[in-house]
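# Geometric and topological summary
Here is what each chain is made of, one letter per residue.
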Amino acid sequence: DHAGLEFSQDLQTHLRDAGHEVVDHGPTVYDALDDYPVFVLRAAEAVAADPGSFGVVLGGSGNGEQMAANKVTGIRAALCHNDELASLAREHNDAQVISIGARMNTVEQARSMVQTFLATPFSGDPRHVRRITMVADYDESGTLPPLPPA
């Protein structure tokens, strides 16, 4: 949203310079009254429609943006505040969208987190696959995973 506009412009240039294809889902002008779901849901839908692609959503805190992106079926969005969280979001959760708070981080930190996020592969560890599958199954059917034996 508007709080992340400056970050968005910087990150787009940075990513294009690094050879990435960038699709901007807005905003393109500053409007203090804009609503982040308008932009975030479109970005998350685009990522869901293009397997293997990644998304970056930006706002003041990143919280609402992460929540909105996670409403899109099949999307796992992670709110990150540092490189370690960005790496773990990919390695353990196979996240496709990183959410960053422009009021919580510097532009340099955001660049570093996005670079880390894009460079980190999913581990494929069976325990992580199992957990991701549980969440995906719940998303599709609403069925809770069984409790472990007492």
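Quick caveat: nothing in here was measured; it's all calculated off a predicted structure.

The rules behind each value
Residues numbered from 1 in each chain as written. Predicted model: local features only at pLDDT ≥ 70, side-chain atom pairs only at ≥ 80, totals over all residues. Heavy atoms only, no water. Axes fitted to C-alpha atoms, helices over the stretch in contact; angles between N-to-C directions. Helix = DSSP H or I, 4+ residues; strand = E, 2+ residues; numbered from the N terminus. Parallel < 35°, antiparallel > 145°, perpendicular 65-115°, else oblique. Left-handed = near helix turned anticlockwise from the far one by under 90°. Contact = heavy atoms within 4.5 Å. Buried < 20%, exposed > 50% of the residue type's maximum accessible area, 1.4 Å probe, protein only. Pairing = 2+ DSSP bridges.

### Looking at the packing of helix α4 (residues 83-91) against helix α5 (residues 107-119)
Two elements in contact, α4 and α5, have axes separated by 8 Å at closest approach and are oriented at 25°. When the axes of α4 and α5 are compared, the pair comes out roughly parallel. Remark: the crossing between α4 and α5 carries right-handed chirality. Judged by residue contacts, D83, A86, S87, A89 and R90 of α4 engage S112, M113, T116 and F117 from α5.

### Some points on the pairing of strand β1 (residues 55-59)
The element β1 is extensively covered by neighbouring structure, given that four of its five residues are classed as buried. Direction of pairing for β1 relative to strand β3 (residues 97-101): parallel, over a ladder of five bridges. From the neighbouring strand, L58 faces β3, where its bridge partner is I100.

### Quick notes on unusual backbone geometry
Here the phi dihedral of D94 falls at roughly 50°; this positive angle occurs in a residue that is not glycine. Position of D94 relative to the elements: it lies in the loop between α4 and β3. Its relative accessible area of 23% is what places D94 among the partly exposed residues.

Nothing here speaks to function; it is geometry throughout.
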